[in-house]
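# Coordinate inspection notes
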Amino acid sequence: MNIKQEKDLRAKAVEAALSYYRARHAASTAFQPGDRIPYAGRVFDESEIANLIDASLDFWLTAGRYAQRFEKELATYLGTAHCSLVNSGSSANLLAFMALTSPRLGERRIYRGDEVITVAAGFPTTVAPIIQYGAVPVFVDVELPTANIDCHQLETALSSRTKAVMLAHTLGNPFDLQRVKAFCDRHDLWLIEDNCDALGSRYLIDGQWRQTGTVGHLGTSSFYPPHHMTMGEGGAVYTNDPLLSRLVESFRDWGRDCWCPSGKDDTCGTRFDRQFGELPVGYDHKYVYSHFGYNLKATDLQAAIGCAQLEKLPSFVEARRRNWHQLRESLRGLEESLILPEPAPNSDPSWFGFLMTVRDGARFTRDQVVEHLEKNGLQTRMLFAGNLIKHPCFDEMRNSGTGYRSVGHLRNTDKIMRNSFWVGVYPGMTGDVLEYMADLICTFARP
C-alpha cells in the first residue's frame, strides 16, 4: 500500500467513526428540573474520536508518537522541563514518591522509617505510597474553608526523620505554597504536589504566577474522567529536575537503567560497552535494572485522546472558574448554616468542586442536606476519605500504635468527615443547571 492509499483509507476510517459520533454522542437535550446532575463528566467532541481512531490504525498499543506529543505539550502548558505520561494519577503519586527513594539521591533519599508530612483529609493515594514503601506519614490538621494544610503546625510536625512533604491542592484550591515551599527549603525537604484535582490552578509565589504542580520538586496529575481533562485512565508526573525525571521514568519502565523509548535501541550509543553492578562487561543496557520498578506506562490510544483534550484545557479551566463563581454568588446568604468555600490567598484556582461544610448548631445535618440533594437528582460527594485514619485500612496500624503519627487533634479533619460535602462545577454544566443546583441548596438551607 502506497502513502496515498494509506492516507485515503485512514480518512475514510476516521470519517466513519465521526459519523457514528454525530449520531450517538453529539445530540444534546435541554436540561429539565429533576434530571440527574452528575458531579463530573467527560466533555469531548470529534477531535477526540478522530485522534483515537488515527492512533488505533497504527496498532502501536503501548506509548508511541501521541504519548511523546502529549508529554511535550503538557510540559509546555505547565512551564516545566520534563513530563512523564503514566497510566493513572495514583501511579503518578506512586512514581513521584518512589523516585525520592532512589539510591542515586544519596543521603537525601527517603529511607524506610523516614517521615513525610501530609494530611488525612484527602484522597488515599496521596498517602498510600508513603505507607506501602515503609515510610511514616505524619498527619497535620487542615484549615477551613480551604480544607488545606494548617501551616502553623508544620514546625511542630518536624522531626529528625522528616524527609518530605506530600500534599494535594484540595478540590483545585491551592495550599499555601509560599509557606510550605519556604518550610521545605529551610529544612532541606522534598516537596511533592499532588495536583490531580488542580490542573490549571495558579499561585502567586515570589511575585510570579506559577502553575500548581510546578513549585515543588515533583507534581502529579490524573486524567480519570471526572478530572480537569481526561484520557479515560491516565496520569502524569512533571518536574524541572532532569535527575528526578530519569528516576521517575526508570521506576515507570520496569526499573530499567536504559532510557530508550519503546521500539528504539541504543539511544545512549554504548548499549554493549559498559559494566553495571556485577554483570558481565557489555551486558545489554536494555536489560539492566537500577531500581525495583513497575510497568506504569499509558497506551498511545489514551494519549491520543489526551492530546485533543489538552487543546481544550484552557476553556475547561475557564468554565470551571465561571461555574464556581456563579454558584458562589447564588449561595450568598447561607453563611449562617454553611461554611462556603473561598479561594486561598494569592491563588487563582481551577476548581474541581464546590465544598460546603454544615456549621455546628445548624438546624440540619450534612446527611440531611445530602439526602435532599440526591433525591432531587443532584449528585454529591464527601471530601474523599474525610479522615483517612478512621478507615479500615488503618485498623491494624491504629491498633498497634505504629506506622503513622498525628500532630495534635485533627479537629477540622474530623469536622470535614462529619459535616462536609461537595458538588461539581465541571464544564458540562450550563447556567440553568447551576441555577437549579443553587435553588435546591437554598430551598433547603435558607433560614
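To be clear, the structure that these remarks concern was listed above.
Presented here is a report on the structure given in the accompanying data block. (Residues numbered from 1 in each chain as written. Predicted model: local features only at pLDDT ≥ 70, side-chain atom pairs only at ≥ 80, totals over all residues. Heavy atoms only, no water.)

## Some words on the sheet that holds strand S12 (residues 353-358)
Strand order in the open sheet formed by three strands is S10-S12-S14, and the pairing between neighbours is antiparallel. Here the strands that pair on one side only, and so sit at the sheet edges, are strand S10 (338-339) and strand S14 (420-424). As paired elements, S10 and S12 share two bridges and run antiparallel to each other. Across the sheet, residue Ile-339 finds its bridge partner in S12, namely Thr-357. Each of S12 and S14 touches helix H12 (residues 411-419); the most contacted strand, S14, lies at about 60 degrees to it. (Pairing = 2+ DSSP bridges. Helix = DSSP H or I, 4+ residues; strand = E, 2+ residues; numbered from the N terminus. Contact = heavy atoms within 4.5 Å. Axes fitted to C-alpha atoms, helices over the stretch in contact; angles between N-to-C directions.)

## What to know about the sheet that holds strand S13 (residues 405-406)
If you trace the eight strands from one edge of the open sheet to the other, you get S1-S9-S8-S5-S4-S2-S3-S13, paired in mixed fashion. A single partner strand is all that each edge strand has here, and the edge strands are strand S1 (82-86) and S13. Two elements, strand S8 (residues 218-222) and strand S9 (residues 235-239), share four bridges in a ladder whose sense is antiparallel. Residue Thr-220 lies in a different strand from S9, and its bridge partner there is Val-237.

## So, a nonpolar patch on the surface
On the surface, a nonpolar cluster with roughly 530 Å² of combined accessible area is contributed by Trp-254, Leu-279, Tyr-283, Tyr-287 and Tyr-289. The topology assignment puts Tyr-287 in the loop between helix H8 (242-252) and helix H9 (300-330). (Patch = residues over 30% accessible without salt bridge, like charges linked within 9 Å, V, L, I, M, F, W, Y side chains within 5 Å. Areas by Shrake-Rupley, 256 points an atom, 1.4 Å probe, with all protein chains shown as cover. Salt bridge = Lys/Arg side-chain N within 4 Å of Asp/Glu carboxyl O.)

## Describing the packing of helix H3 (residues 65-78) against H9
In the contact formed by H3 and H9, the axes pass within 7 Å of each other and the chain directions differ by 25 degrees. What the angle tells us is that H3 and H9 run roughly parallel. By crossing handedness, the relation of H3 to H9 is classed as left-handed. Where H3 abuts H9, its residues Arg-65, Tyr-66, Ala-67, Arg-69, Phe-70, Glu-73, Leu-74 and Tyr-77 lie against Asp-300, Ala-303, Ala-304, Gly-306, Cys-307, Leu-310, Glu-311, Leu-313, Pro-314 and Val-317. Grouping the constituent residues of the contact of H3 with H9 by class yields 12 nonpolar, one polar and five charged. (Parallel < 35°, antiparallel > 145°, perpendicular 65-115°, else oblique. Left-handed = near helix turned anticlockwise from the far one by under 90°. Nonpolar A, V, L, I, M, F, W, Y, C, P; charged D, E, K, R; others polar.)

Note that every value here comes from positions in space, so none of it alone points to a role or purpose.
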